[in-house]
Amino acid sequence: MTQTLQSLSLQTGVTVLDHLERSMRIPVVDGLQAQGDLIVVPLHVVARSVTVPPERPGFTHPNARWRDVPPEGVELLRAEAGGNTHTLVAEPGTCRWTVNVLDDTRLAIGVFEASEVVYLLHPEHGASGCAPGTYVVRRQREHDRRSGGMRFVAD
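Note that the structure is a prediction, hence the values are computed from the model and not measured.

Thoughts on the overall build of the chain
And step 1. Looking only at helices and strands, the chain features 1 helix and 15 strands.
And step 2. Burial status across the chain gives 45% buried among its 155 residues.
And step 3. Within the chain, residue pairs in contact and separated by at least 24 positions form 61% of the contacts whose partners lie at least 6 positions apart.
And step 4. Carbon and sulfur atoms provide 50% of the accessible area of the chain, an area that totals close to 8,700 Å².

As structure tokens, this is what we get:
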């Protein structure tokens with residue numbers, strides 16, 4: 001189903017900023033894509049550094065399970081100032097999400113598996129679609145000139 005920014009906004013209750021064109025169809029990408037301080041990477045691209053431990057029967061840690069993404073979406077990342085969120089949106093039964101991820105870079109927030117197109121929605125950045133597949137959701141980082149090290153991108 002073709003989605004527009006308006007239809008996703010209505011489905012999730014996420015209000016997007018006025019400068020965004022709500023009637024345009026959302027593009028769908030099957031590769032790497034970034035949205036402010038968040039980056040979505042196909043799992044096969046980073047498989048050497050990212051592991052999703054298998055679910056274990058009887059293991060009770062709440063983050064160990066895959067969870068279905070509900071129609072209203074799942075908050076992936078909230079801005080550092082507590083403002084705008086990045087939301088993963090999917091039709092019922094088409095996407096699952098886990099935060100049970102081991103990442104050598106320590107940038108992973110979680111992993112999602114989608115059998116249909118899913119969408120990333122943000123009030124300032126609009127939306128983009130992810131083709132079916134398995135993706136790692138990571139924080140973005142950048143060089144910090146003052147310290148000479150790295151820092152998270154602040155959105």
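Some thoughts on the side chain of Gln-35
And step 1. Along the chain, Gln-35 turns up in strand E2 (residues 33-35).
And step 2. Of note is the side chain of Gln-35, whose polar atom sits 3.4 Å from the backbone oxygen of Leu-120.

Overview of the sheet that holds E2
Sheet strands line up and pair through hydrogen bonds in the backbone, either parallel or antiparallel.
And step 1. With respect to topology, 6 strands assemble into an open sheet ordered E2-E3-E13-E10-E8-E5, the strand pairing being antiparallel. Every interior strand has two partners, whereas the edge strands, E2 and strand E5 (67-68), have only one.
And step 2. Pairing analysis gives 2 bridges linking E5 to strand E8 (residues 95-98), with the strands arranged antiparallel. Each bridged residue has a counterpart across the sheet, and for Arg-67 the counterpart in E8 is Trp-97.

A word on the pattern of salt bridges
And step 1. Per the stated rule, a full pass over the model turns up 2 salt bridges.
And step 2. Among the ionic pairs, Arg-96 bridges to Glu-113, the shortest N-O distance being 2.6 Å. With Arg-96 in strand E8 and Glu-113 in strand E10 (residues 108-114), this pair connects stretches of sequence that are 17 residues apart.

Rules behind the numbers
Residues numbered from 1 in each chain as written. Predicted model: local features only at pLDDT ≥ 70, side-chain atom pairs only at ≥ 80, totals over all residues. Heavy atoms only, no water. Helix = DSSP H or I, 4+ residues; strand = E, 2+ residues; numbered from the N terminus. Buried < 20%, exposed > 50% of the residue type's maximum accessible area, 1.4 Å probe, protein only. Contact = heavy atoms within 4.5 Å. Areas by Shrake-Rupley, 256 points an atom, 1.4 Å probe, with all protein chains shown as cover. Polar contact = N/O pair within 3.5 Å; in protein donor to acceptor, adjacent residues only side chain to side chain. Pairing = 2+ DSSP bridges. Salt bridge = Lys/Arg side-chain N within 4 Å of Asp/Glu carboxyl O.

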